[in-house]
Amino acid sequence: MRAIDWQDDTVVIVDQTLLPHRVEHLALREPAELIVAIKRLAVRGAMALGVAGAMGVALAAVRARERGENVGAAARAAARQLAAARPTATNLFWGVEQAMMALPGGASAVVGAALALRDADIAANRAIGERGADLLGRPARVLTHCNAGALAAVEIGTALGVVAELHRRSPLTMTYATETRPLLQGARLTAWELGQAGIPHRVVVDGAAAGLILGGEIDAVVVGADRIAANGDTANKVGTLAHALAAARAGIPFLVAAPEATIAADTATGAGIPIEERDEDEVLSVDGHRIAPPGARAVNPAFDVTPAELITAVVTERRTLPLGRAAEATGSAPQAAGSVAATIGSKRGEAIRR
Ligand SMILES: CSC[C@H]1O[C@H](OP(=O)(O)O)[C@H](O)[C@@H]1O
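- Per an unreviewed UniProt entry, the recorded name for the chain is Methylthioribose-1-phosphate isomerase, and the organism is Paractinoplanes deccanensis.
- Quoted straight from UniProt, the Function (unreviewed entry) entry for the chain says "Catalyzes the interconversion of methylthioribose-1-phosphate (MTR-1-P) into methylthioribulose-1-phosphate (MTRu-1-P)."
- Per UniProt, the chain has the following entry under Catalytic activity (unreviewed entry): "5-(methylsulfanyl)-alpha-D-ribose 1-phosphate = 5-(methylsulfanyl)-D-ribulose 1-phosphate".

### Details of the packing of aromatic side chains
Part 1: Here the structure, examined in full by the defined rule, presents 0 aromatic pairs.
Part 2: A cation over a ring is seen here: Lys-237 above Phe-303, with NZ or CZ 4.2 Å from the ring centre.

### Focus: the packing of helix α1 (residues 31-39) against helix α2 (residues 46-67)
Each pair of packed helices can be summarised by the angle the axes make with each other and by the distance between the axes.
Part 1: Relative to each other, α1 and α2 sit at 160°, their axes nearing to 9 Å. One way to sum up the angle between α1 and α2 is to call them roughly antiparallel. The interaxial crossing formed by α1 with α2 has left-handed handedness. Across the interface between the two elements, Pro-31, Leu-34 and Ile-38 from α1 touch Leu-49, Ala-52, Met-55, Gly-56, Leu-59 and Ala-60 from α2.

### Comments concerning the UniProt feature "site: Transition state stabilizer" (unreviewed entry) in the chain
Part 1: Under the local residue numbering, the UniProt record ascribes the feature "site: Transition state stabilizer" (unreviewed entry) to Cys-146.
Part 2: Residue placement: Cys-146 occurs in the loop between β4 (141-144) and α6 (159-169).
Part 3: The class of Cys-146 is buried, set by a relative accessible area of 7%.
Part 4: Discounting chain neighbours no more than four positions away, the residues touching Cys-146 are Arg-44, Thr-178, Thr-180, Gln-185, Gly-186, Thr-190 and Lys-237.

### Describing the sheet that holds strand β9 (residues 234-237)
Hydrogen bonds between backbone atoms are what pair the strands of a sheet, whose relative direction is either parallel or antiparallel.
Part 1: With mixed pairing, the 4 strands of this open sheet are ordered in space as β11-β8-β9-β14. Looking at which strands have only one partner, the edges of the open sheet turn out to be β11 (263-264) and β14 (303-306).
Part 2: Across 4 bridges, β9 lies against β14 in antiparallel orientation. Looking across to β14, one finds that Thr-234 is bridged to Thr-306.
Part 3: Helix α9 (residues 240-250) rests against β9 and β14 of the sheet, and its axis sits at about 30° to β14.

### Quick word on the site of the ligand
Part 1: Taken together, 18 residues form the shell around the ligand, and within it Arg-44, Arg-86, Asp-226, Asn-236 and Lys-237 come nearest.
Part 2: Here an oxygen atom of the ligand and a backbone polar atom of Gly-45 are 2.9 Å apart.
Part 3: Arg-86 is positioned with one of its side-chain polar atoms (N or O) 2.7 Å from an oxygen atom of the ligand.
Part 4: The protein chains hide 100% of the 400 Å² of surface that the ligand would expose on its own.
Part 5: Contributing elements (two or more residues each) for the shell around the ligand: α2 and β9.
Part 6: Among the residues forming the shell around the ligand, the class breakdown is 8 nonpolar, 6 polar and 4 charged.

Basis of the calculations
- Residues numbered from 1 in each chain as written.
- Predicted model: local features only at pLDDT ≥ 70, side-chain atom pairs only at ≥ 80, totals over all residues.
- Heavy atoms only, no water.
- UniProt positions renumbered as here; feature names shortened; annotations may be inferred.
- Phe/Tyr/Trp six-rings, centres within 6.5 Å; stacked < 30°, edge-to-face > 60°.
- Lys NZ or Arg CZ within 6 Å of the ring centre and 35° of its normal.
- Axes fitted to C-alpha atoms, helices over the stretch in contact; angles between N-to-C directions.
- Helix = DSSP H or I, 4+ residues; strand = E, 2+ residues; numbered from the N terminus.
- Parallel < 35°, antiparallel > 145°, perpendicular 65-115°, else oblique.
- Left-handed = near helix turned anticlockwise from the far one by under 90°.
- Contact = heavy atoms within 4.5 Å.
- Buried < 20%, exposed > 50% of the residue type's maximum accessible area, 1.4 Å probe, protein only.
- Pairing = 2+ DSSP bridges.
- Near = heavy atom within 4 Å.
- Polar contact = N/O pair within 3.5 Å; in protein donor to acceptor, adjacent residues only side chain to side chain.
- Areas by Shrake-Rupley, 256 points an atom, 1.4 Å probe, with all protein chains shown as cover.
- Nonpolar A, V, L, I, M, F, W, Y, C, P; charged D, E, K, R; others polar.

What follows is the structure in structure tokens.
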């Protein structure tokens, strides 16, 4: 099952707001429908957003061609609206950009670029899983946050790709999935994926992670990312920073698993990463039932930024980038944060010119 795909000039997604109790697909023919799905997290996760961005431009181009309208104008309008749908995951803008680069070739070329990006995502996730497992060796107990699995990509996923590869090589004793308030991607989606994969797991409340980590119950933490700045600072689902602080205190590896498309060489540090502020009712209610007293207000940042010095390494489909904690975890001299930018910049340039 793919979280997002292209079928008969239509984008087909699994409506993730209905999981785990219902598996329902949505067929989206118009960019506007896809934008609504992105905003309400029916399709979500950095890699899936990259594919959605590209496929959204393709929808605009194909519909315009069918209607005899200006394909370029329709694609440019859709690109602007798609890029504004969610601000943090750099993959969304990258996917839109990749599709727009194919525009001179017409609607068919844009569709081709979107499908190539979809297929490249699958291959990248497979490589990330192998590279991340190579780095971690044989941890027995792993903790992950939010959902960076197949549902956040096309197939496989990043952090859960590493978890699945670790389990394939040497069965994991336990995987701890933090529930990930307020939208519960961990309790709903990661638990569902791990159950489907037959990987032993327990859901834990977000606030329990630090105690498990400092209590010696966790051997490694593996998470995804929504944007990695040039110096290695990493934005991921809110709550990630707390787990990184605990992992640093406990001296266990904290691994960020993400494709090259998540690296934003033009974002110098974490301070430059826009953090999505979502509707406060997501915090004040659960499943439509208000849990806070009338009049209570909330703040609802969807992401936080983990400083590079708390991250053991970023693994992508092509590289293992040791960051601030590499010296502790692997004994290698930590790569100066500044040089990460140079490495990222030069390599990423190659990727785009691929
Ligand atoms: C690595 S993609 C998964 C990534 O995206 C999630 O955010 P959201 O569910 O709001 O799209 C979360 O940050 C995951 O780590």
